[in-house]
Structure formats: C-alpha cells, structure tokens
Amino acid sequence: MMALVMESGARLLGVAVDITPIVIVLFAFQRLVLRRPVPNPRAVVIGLVYVTVGLALFLIGLDKALFPLGRSMARQLADPVFLGATGDAVLGWERYLWVYIFAAAIGFSTTIAEPSLLAVSIKANEVSGGAIGVTGLRVAVAIGVAIGVAIGVLRIVTGTPLHYCIIAGYALVLVQTTMAPRGIIALAYDSGGVTTSTVTVPIVTALGIGLASTVPERSPALDGFGLIAFASLFAVMAVLAYAQASRWWASRRG
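Residues numbered from 1 in each chain as written. Predicted model: local features only at pLDDT ≥ 70, side-chain atom pairs only at ≥ 80, totals over all residues. Heavy atoms only, no water.

A. Structural detail: the pattern of salt bridges. Evaluated as defined, the whole model comprises three salt bridges. Here Arg 11 makes a salt bridge to Asp 63, at a shortest N to O gap of 2.2 Å. Of this pair, Arg 11 sits in helix 1 (residues 2-33) while Asp 63 is found in helix 2 (residues 41-77), placing the two residues 52 residues apart along the sequence. Overall, the relative accessible area of 26% leaves Arg 11 in the partly exposed class. Using a relative accessible area of 33% as the deciding quantity, one classes Asp 63 as partly exposed. Salt-bridge contacts for Lys 123 lead to Glu 126; the nearest nitrogen and oxygen are separated by 3.6 Å. Of this pair, Lys 123 and Glu 126 both sit in helix 5 (residues 115-127), three residues apart, roughly one helical turn. (Salt bridge = Lys/Arg side-chain N within 4 Å of Asp/Glu carboxyl O. Helix = DSSP H or I, 4+ residues; strand = E, 2+ residues; numbered from the N terminus. Buried < 20%, exposed > 50% of the residue type's maximum accessible area, 1.4 Å probe, protein only.)

B. Fine view of the nonpolar core. Counting residues in hydrophobic clusters, the biggest one holds 46 residues, and the most contacted among them are Tyr 96, Val 149, Val 153, Ile 184, Leu 207, Leu 211 and Leu 240. Residue assignment for this core shows that the elements contributing at least two residues are helix 2, helix 4 (97-112), helix 5, helix 6 (134-158), helix 7 (162-179), helix 8 (182-194), helix 9 (200-214) and helix 11 (227-253). A per-element tally of this core places helix 11 first, with eleven residues. Once residues lying within four places of it in the same chain are set aside, the contact partners of Val 149 are Ala 103, Gly 107, Val 204, Leu 207, Leu 227 and Ala 231. (Core = buried A, V, L, I, M, F, W, Y, C linked by side-chain atoms within 4.5 Å. Contact = heavy atoms within 4.5 Å.)

C. Region of the structure containing helix 8. Regarding helix 8, the residues found buried are Ile 184, Ile 185, Leu 187, Ala 188, Ser 191, Gly 192 and Val 194. Turning to helix 8, the residues buried within the fold contact helix 5, helix 6, helix 7 and helix 11.

D. Structural detail: the packing of aromatic side chains. Counting across every chain of the model gives one aromatic pair. Between the aromatic rings of Phe 230 and Phe 234, the centroid separation amounts to 6.4 Å while the plane-to-plane angle is 20°, which identifies the pairing as stacked. Remark: Phe 234 and Phe 230 occur in helix 11; sequence separation between them is four residues, near one turn of the helix. The exposure class of Phe 230 is buried, given its relative accessible area of 1%. (Phe/Tyr/Trp six-rings, centres within 6.5 Å; stacked < 30°, edge-to-face > 60°.)

E. Focus on the environment of Val 38. Summarising the element assignment, Val 38 is placed in the loop between helix 1 and helix 2. Val 38 sits twelve residues away from Leu 26 along the chain, and the two C-alpha atoms are 9.6 Å apart. Among all residues touching Val 38, those that are not within four sequence positions of it are Phe 27, Gln 30 and Val 44.

Structure, rendered in structure tokens:
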C-alpha cells in the first residue's frame, strides 16, 4: 500500500512538472500579449488541479491495468498451446484467427470510447448543420481502426516489412482523396489523428508488443510497433469511403 502511495505521489509530481510549460505559455500570452486578466481565475486553477490529478490517475491505470492486460491477452491468444501447435511445428498465418478477431474488436471498442473522436464528431456535426452524423462518423472511424489493427497484426504474424504496407496504404488514400467530396477531406485526415489518442494508443501498443514477444522470430522492438500507424491510416480511409458511399447513396435516392 505504501509503495502505491509513493508511486502515485511521484506520478502526480511528474504530471505537474509536465504541464507547467503549458500553463506558463497560456498565462504569459494572456498577460503579456493580450494584456488582459485571466477570466475566472478560480475556475481555471480548479480545472488545472482536476487535469493534473486526472492525468496522474490515468497514467497509473495504464501501468497497472491496460498495458499488462493488452500484453497478457496477446500472449495467451498467440500461445502455441492455445493454437494447437505440436512440437516445433511452424504455424501458418491462418492459425492466428482469434488474434485477428481480438485485434479488430479491441480496435473498434477503444475507438468508440475515444473522447477526442467524440469531441471532433460533435463539432463536425455542428458546423455541417447536421449533415455529418455524430454516430455515423464515430462508427466509420471505429470500423477503419478495427480493420487497420487487424491488418497490422497480420503484418506482425507474417513479418511483412512495415514500410511496404504504409506506402501502399497512403497511395490508396491519395486516390480516395481525389474522388472524395472536398468538404470531408480535412475531417477525414483529422479523424486519423484524433482516433489514436488516450484510450486506443496504450492498449493497441501493448497488443503489438505482446504479440511480437510471443510469435516466433519476431522482435518487439522491430515488429511490435506500427499498429498505431495502421489505425490512423485506415481511419482516414474509412471516413473517405464513408463520404463517398454517402454521396453515392444520395445520388441513387435522388
């Protein structure tokens, strides 16, 4: 118990030090550039305390729960005993079906829970006058992330070089961009960034490292990373495809 208290205090102090430069910049611009007092200073201070405590608790939760759980699930699903391997038999990529299913499920669920994506979806709905649905955008991004993480896991299992996959993916995105409605392009690219945030990144990263540590002839340092790139890339693809499909459906109905 004492060790947990000490660790929590150290984490809280670390977060306070990390956000101090942000606070300094904001207050300096407010006083020196805008030359106006900080509005509602009491509320601002209380908010900063909430942010500091919340970030500290979130980081502790990552270390104690999400990272270990992601690694544990990946290792169990990729365990040769679970996959039915006998002796030193080399498993084909098709034997890792449950790993792909788990990767897609965790990619979808973490994206739906991503607060930054929800914020962007709400703002997109507001500025578009309701043309872009909050739920529709979130689901489209979540499906894209699910597919991206599953394909990223397949890459780890097969050992395919990451740069080939990323180059091919962005080539497809460029083609989609030329055919997508102009009003959705910027939102699509932003969606790829906001979806890889506080909830998705820790679990997906832990999944990749745990899987690369279990699959034979894979290195956690070389193969364990890259899933976040797939998640971001396929989120952009999914939103562009969603916009193209919506425009096609509207033309059919019209």
